Structures are given as structure tokens and as C-alpha cells.
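# Descriptive structure summary
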Amino acid sequence: MKKDKLHIHWYPGHIAKAERQLKEQLSLVDVVIEVRDARLPLSSSYTNIKKLLGEKPRLLLLNKADLTEKNELKKWVEYLKISTGCPVFVTDAKGTKDLSFVIKNAVELSELKIQALMAKGLLRRAARAMVVGMPNVGKSSIINKLTKSSKTKIGAKAGVTRQQQWVRINPNLELLDTPGIIPTRQDNQIQAVKLAFVSSVSENAYSPEPVATALLEMLEKYPQVKEYYGVDFLSLDAVALSRNWVKKGGEADTERTAVYILKDFREGRLGLFILDELPQ
Ligand SMILES: Nc1nc2c(ncn2[C@@H]2O[C@H](COP(=O)(O)OP(=O)(O)OP(=O)(O)O)[C@@H](O)[C@H]2O)c(=O)[nH]1
Ligand SMILES: [Mg+2]
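Residues numbered from 1 in each chain as written. Chains lettered and ligands numbered in written order. Predicted model: local features only at pLDDT ≥ 70, side-chain atom pairs only at ≥ 80, totals over all residues.

## Remarks on the overall build of the protein chain
In terms of helices and strands, the protein chain carries 10 helices and 6 strands. Taking 280 residues into account, the globule formula puts the C-alpha radius of gyration at 19 Å, and the protein chain, at 20 Å, falls close to it. Referenced to the eigenvectors of the C-alpha coordinate spread, the extents of the protein chain come out at roughly 80 × 40 × 35 Å. Counting every position in the protein chain, which comprises 280 residues, the buried fraction comes to 39%. When contacts within the protein chain are restricted to residue pairs at least 6 apart in sequence, long-range pairs at least 24 apart make up 68% of them. (Helix = DSSP H or I, 4+ residues; strand = E, 2+ residues; numbered from the N terminus. Rg over C-alpha atoms; globule rule 2.2 N^0.38 Å. Buried ≥ 20, exposed ≤ 12 C-beta atoms within 10 Å, placed from the backbone. Contact = placed C-beta atoms within 7 Å.)

## Quick look at the nonpolar core
With 69 residues, the main nonpolar core has Val31, Ile33, Ala106, Ala129 and Val131 as its most contacted residues. Two domains share this core, each providing at least three of its residues, namely domain 1 (13-177) and domain 2 (207-266). (Core = buried A, V, L, I, M, F, W, Y, C linked by C-beta atoms within 7 Å. Domains from an automatic or database assignment.)

## Comments concerning the site of ligand 1
In the region of ligand 1, 24 residues are neighbours, and Gly138, Ser140, Ser141, Thr161 and Gly180 sit closest. Considering each element in turn, the shell around ligand 1 owes the most residues, 3 residues, to helix α5 (residues 139-147). Looking at side-chain class alone, the shell around ligand 1 contains 9 nonpolar, 10 polar and 5 charged residues. (Near = placed C-beta within 6 Å. Nonpolar A, V, L, I, M, F, W, Y, C, P; charged D, E, K, R; others polar.)

## What about the environment of Thr84?
If you trace the backbone, Thr84 turns up in helix α3 (residues 70-84). Classification of Thr84 by C-beta neighbours within 10 Å gives partly exposed; the count is 15.

## Thoughts on the packing of helix α7 (residues 208-219) against helix α10 (residues 254-266)
Interhelical geometry of α7 versus α10 gives an angle of 50° and a closest axis separation of 8 Å. With respect to α10, the axis of α7 lies oblique. As α7 packs across α10, the resulting crossing turns out to be left-handed. Contacts from Pro208, Glu209, Val211, Ala212, Leu215 and Leu216 of α7 reach α10 at Thr254, Glu255, Ala258, Val259, Ile261, Leu262 and Phe265. (Axes fitted to C-alpha atoms, helices over the stretch in contact; angles between N-to-C directions. Parallel < 35°, antiparallel > 145°, perpendicular 65-115°, else oblique. Left-handed = near helix turned anticlockwise from the far one by under 90°.)

## Digging into the sheet that holds strand β3 (residues 88-90)
An order of β3-β2-β1-β4-β6-β5 is seen for the 6 strands of this open sheet, with the pairing classed as mixed. Edge positions in the sheet fall to β3 and β5 (165-170), since each has one partner strand and no second. Strand-to-strand twist of the sheet, defined as the mean angle between neighbouring strand axes without regard to direction, takes the value 25°. As paired strands, strand β1 (residues 31-37) and strand β2 (residues 58-63) are joined by 6 bridges and run parallel to one another. Counted as the bridge partner of Val35 is Leu61 from β2. Most of the contacts of helix α4 (residues 100-119) go to strand β4 (residues 127-133), to which it runs at about 120°, and overall it touches β1, β2, β3, β4, β5 and β6 (173-177). (Pairing = 2+ DSSP bridges.)

## As for the packing of helix α9 (residues 236-243) against α10
It is the contact of α9 with α10, at a shortest axis distance of 9 Å, that shows an interaxial angle of 90°. Overall, the two elements α9 and α10 adopt an arrangement that is roughly perpendicular. Counting all contacts with α9, which are made through Leu236, Asp237, Val239, Ala240 and Arg243, the residues of α10 involved are Thr254, Thr257, Ala258 and Ile261. Broken down by class, the residue content of the contact of α9 with α10 amounts to 5 nonpolar, 2 polar and 2 charged.

The following block contains the structure:
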């Protein structure tokens, strides 16, 4: 459903099913790898994750680190280590940097459970980790990078993975790819619009203009964005006229402009940003 006003609600049937299946599989895994979008270290976290996971060990990955400013992200890593009590790492699933530390840490976090099973007389088995997170944060991309293959399907929109899928990484680790989930209700509309910026909610749930306008408001304080579009202040009209994205008669084509602005942001052309506020 298209909406002109900025109100985002998106909870399609496949996500409800995915959430049920995630809860069902949780008892079968030793560790959970939670993936967040590094541009939204808080807003891309699943609100009830702690309640959902109970005592299950968790590894936290801030993915798409290549789209953020390194030093700012470092501060977030320190903050999240303390506030979650989990190991926290940054990843870039599109980059060339090796991610085998993810395997090492997942195996280490599983070891207590595996030792407990062996103490009961069972043979050692591979550690099992479930990869969870909001849609489009890069869960499947991380798995593909770890297997150096295209075993899981990826794509630049929310809801690409529709089924859970086990992937064997090596004899010591199996990963379960899961469809991205978001909370049933988007009560927090500031969070919802940030999730729209990074395509964690489907573009069917909103119109581009109000979302791009909200993005421009958030980017107003960054001079490089104004420079990029050659404008003195950020608005859809100003960018449209500066770029000559106009309709017949010279009126600003705000819909087209909004789509381009969102695309520019998502692909990192406007600069490197973290759009959550680091708590003091
Ligand atoms: N720049 C950048 N893009 C990434 C990174 N990781 C993934 N992507 C891109 O983000 C998009 C989503 O990646 P997926 O791996 O499909 O995300 P997902 O979390 O599995 O998404 P769902 O299956 O929909 O829940 C794809 O276009 C990837 O190429 C990264 O570290 N940096
Ligand atoms: Mg996926």
C-alpha cells in the first residue's frame, strides 16, 4: 500500500512465518549471530532480541561498515560491547577483508554447549549458529562470504531470503540463514523511517517523497551532502532544480528526485553516516 504521509507499517505474512520458525529453531542452535546495519547500530536491532534469545550466547556483527565513518563506528563497538555484554565486530560483506574471525568466535561461543553434550556421552558435533537480523542487513551476504560461494540468495531489498537454510561452513560450524524479521508493530516511527532509509522495510510500504524528505532533514547538518547536490539547503525542490529533475513546465519532479536521493544515500554516494545517536 502506498502512503503519502510519513507513516510506515510493514509486516508481511512471510515475516510472521519467519519469526515463528526462528523461535522453533532456536533450541537447536548453540549460538546466535545477530547482524545489524552499521549505519543504524540501535535502530536496526530487533527490539525483543534479549527476550527472544534468553540465555543463548550471541555474537553481534555491525555489517556494511564500509558505509560508515570508521572512528565513529569504533565508539559504537565499545558502547555495544558494554551495553549488550556480547562480543561485537564490524564486517563488510562486500569487501575483500577476511571474515574468518566470525567463524572462530561462533565456534568458541558454542564450545560450552558442545562440551556439555560430550559430558553426556554424545560425540562431538559441528557448532550450530543461527544468523538473525532485520531484512537487508546482509545476513546472507556474510554467509556467502564465509563459504566463498553463492549458496544463499542475496539482493538489495527487504525480504530476499524467504526460507531458513542450513549452510555448512567447515567441519566445525554450520550456519542457519534466516529471513530478516522486524517487529510486528512499528510504534516508533523514527526507527521505522530509518529502516526505510536502509531498505530494511519494503518500498511498497511508503512513498519516496516523505521518506527522502526525512532523510534530507537528518543529513542537513552535513555540508558534504549540500555540496554533492550543489544546494544551500536540503529540500526535494532545491535538489530537483539543481539537478534539473523537472517535469514539463519546469516544476520540480519531487518523486523522481526522492527516488534518486534514497538511491544515492543507500549506495554511499552522499558520504559515510551513522544515523543513530550514540548514548552518553
Ligand atoms: N555496501 C555493502 N553492501 C552490503 C554489505 N553486505 C551486504 N550488502 C548488500 O546488501 C544487500 C542485502 O544483502 P543480503 O545479504 O541479501 O541481506 P539479508 O540480511 O540476507 O536480507 P533478507 O534476506 O532480506 O533478510 C545486497 O545488495 C548486498 O550486496 C556490506 O557489508 N556493505
Ligand atoms: Mg537473506
